Amino acid sequence: GQQVMQIPQYQHVQEGEDFTTYCNSSTTLSNIQWYKQRPGGHPVFLIQLVKSGEVKKQKRLTFQFGEAKKNSSLHITATQTTDVGTYFCAGRGNYGQNFVFGPGTRLSVLP
Amino acid sequence: EAGVVQSPRYKIIEKKQPVAFWCNPISGHNTLYWYLQNLGQGPELLIRYENEEAVDDSQLPKDRFSAERLKGVDSTLKIQPAELGDSAVYLCASSFRYGDEQFFGPGTRLTVL
């Protein structure tokens, strides 16, 4: 079945440094969603990517969907302590499959 | 607009006991999901409903788990009997239609002793 992996598993950064997490699927995706989960909280939707090579920005966050639609990335510029949490990607296959969540990347930001 | 509501928030039971979780999705959302989330992992889908129909329950351990969504609104997930390995957070999510952004509830943290 479809597998979604994320790297790194953990990332510790100093406040102000940049951060990137990568999401890789074993199969081609129709679309991908990104979620953020604060410690003790529940996943909150950030964005959805649909088109090959698509790039979307939300303030300091930049999301990219790979040309082959098998990978995606989330880049945060100049991290802040409010960025702390676990970032999950969730990919859906081309044949109506359910979204499969990756294991997440846990971000710690040191002030 | 009210978000996804789940209850209870926490539940502690002994193994072999039954337990039930309740979810009320956002009004008007046709798609409802039940996920299981273990510590340090991503949510894993248990079952997806389109209105009142369970369209994907392939990951639901049917020997002990059951779910229903009567009238296509709120939903109940039941475990009977519970096992130690069922300890996890059970998340409910809803979306207006399948493929849209998912809105998650706060989850029910289950501890089986």
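All figures in this text were calculated on a predicted structure; none of them were measured in a lab. (Residues numbered from 1 in each chain as written. Chains lettered and ligands numbered in written order. Predicted model: local features only at pLDDT ≥ 70, side-chain atom pairs only at ≥ 80, totals over all residues. Heavy atoms only, no water.)

Colleague: Teacher, can you tell me more about the overall build of chain A here?
Modeller: Counting secondary structure elements, chain A contains 0 helices and 11 strands. The C-alpha atoms of chain A give 13 Å as radius of gyration, which agrees with the globular expectation for 111 residues (13 Å, within 12%). Along the first, second and third principal axes, the C-alpha atoms of chain A reach 45 × 25 × 20 Å. Relative to its full complement of 111 residues, chain A shows a buried share of 47%. (Helix = DSSP H or I, 4+ residues; strand = E, 2+ residues; numbered from the N terminus. Rg over C-alpha atoms; globule rule 2.2 N^0.38 Å. Buried < 20%, exposed > 50% of the residue type's maximum accessible area, 1.4 Å probe, protein only.)

Colleague: So what exactly am I meant to see when it comes to the environment of Gln2(A) here?
Modeller: Residues and elements named next belong to chain A. With respect to the helices, strands and loops of the structure, Gln2 is situated in the segment before β1 (4-7). Taking the relative accessible area as the measure of exposure, Gln2 reaches 17% and is therefore buried. Between the alpha carbons of Gln2 and Val100 there is a distance of 7.4 Å; along the sequence they are 98 residues apart. Among all residues touching Gln2, those that are not within four sequence positions of it are Ser25, Ser26, Thr27, Leu29, Gly91, Arg92, Gly93, Asn98 and Val100. (Contact = heavy atoms within 4.5 Å.)

Colleague: Got a minute to help me understand the sheet that holds strand β6 (residues 55-58) of chain A in this structure?
Modeller: As a general point, the strands of a sheet are linked pairwise by backbone hydrogen bonds and lie either parallel or antiparallel. Residue and element names in this part refer to chain A. Strand order in the open sheet formed by 5 strands is β1-β3-β8-β7-β6, with antiparallel pairing between adjacent strands. Edge strands, defined here as strands with exactly one partner in the open sheet, are β1 and β6. With direction set aside, neighbouring strand axes in the sheet form an average angle of 15°. In this structure, strand β3 (residues 19-25) lies alongside strand β8 (residues 71-76), joined through 6 bridges in antiparallel fashion. Note that in β8 the partner of Thr21 across the bridge is Leu74. (Pairing = 2+ DSSP bridges. Axes fitted to C-alpha atoms, helices over the stretch in contact; angles between N-to-C directions.)

Colleague: Looking at this model, I keep getting lost on the interface of chain B and chain A. Mind explaining?
Modeller: By a widespread convention, an interface's size corresponds to the accessible area lost as its parts come together. Contacts between chain B and chain A engage 18 residues on the former and 18 residues on the latter. Each partner contributes to the roughly 1,400 Å² buried at the junction of chain B and chain A, and carbon and sulfur atoms together form 49% of this total. Between the two partners, chain B and chain A, sit 0 salt bridges. Where chain B packs against chain A, one counts 10 residue pairs in polar contact (both at pLDDT 80 or more). Looking at the side of chain B that touches chain A, the elements with two or more residues in it are β4 (31-37) and β5 (44-50) of chain B. Considered class by class, the residues forming the side of chain B that touches chain A number 7 nonpolar, 7 polar and 4 charged. (Buried area = accessible area lost by both parts, 1.4 Å probe. Salt bridge = Lys/Arg side-chain N within 4 Å of Asp/Glu carboxyl O. Polar contact = N/O pair within 3.5 Å; in protein donor to acceptor, adjacent residues only side chain to side chain. Nonpolar A, V, L, I, M, F, W, Y, C, P; charged D, E, K, R; others polar.)

Colleague: Teacher, can you tell me more about the pairing of β4(B) here?
Modeller: For a regular strand, the rule is simple: side chains alternate between the two faces of the sheet. Residues and elements named next belong to chain B. Among the 7 residues in β4, 7 count as buried, and that is most of the element. Here β4 pairs with β5 via 6 bridges, running antiparallel. Looking across to β5, one finds that Leu32 is bridged to Tyr49. Where β4 folds back onto β5 in an antiparallel hairpin, the turn is made up of 6 residues, including Gly40, whose phi is positive at roughly 80°. Of the strand pairs in this sheet, β4 and strand β9 (residues 88-95) are connected by 7 bridges, and their pairing is antiparallel. Paired with Leu36 across the bridge in β9 is Tyr90.

Colleague: I'm lost on the sheet that holds strand β1 (residues 5-7) of chain B in this one. Help?
Modeller: Residues and elements named next belong to chain B. Pairing is antiparallel across the open sheet formed by 4 strands, whose spatial order is β1-β3-β8-β7. At either margin of the open sheet sits one strand with a lone partner, and together these are β1 and β7 (65-68). Strand-to-strand twist across the sheet, computed as the mean angle between neighbouring axes with direction ignored, equals 15°.

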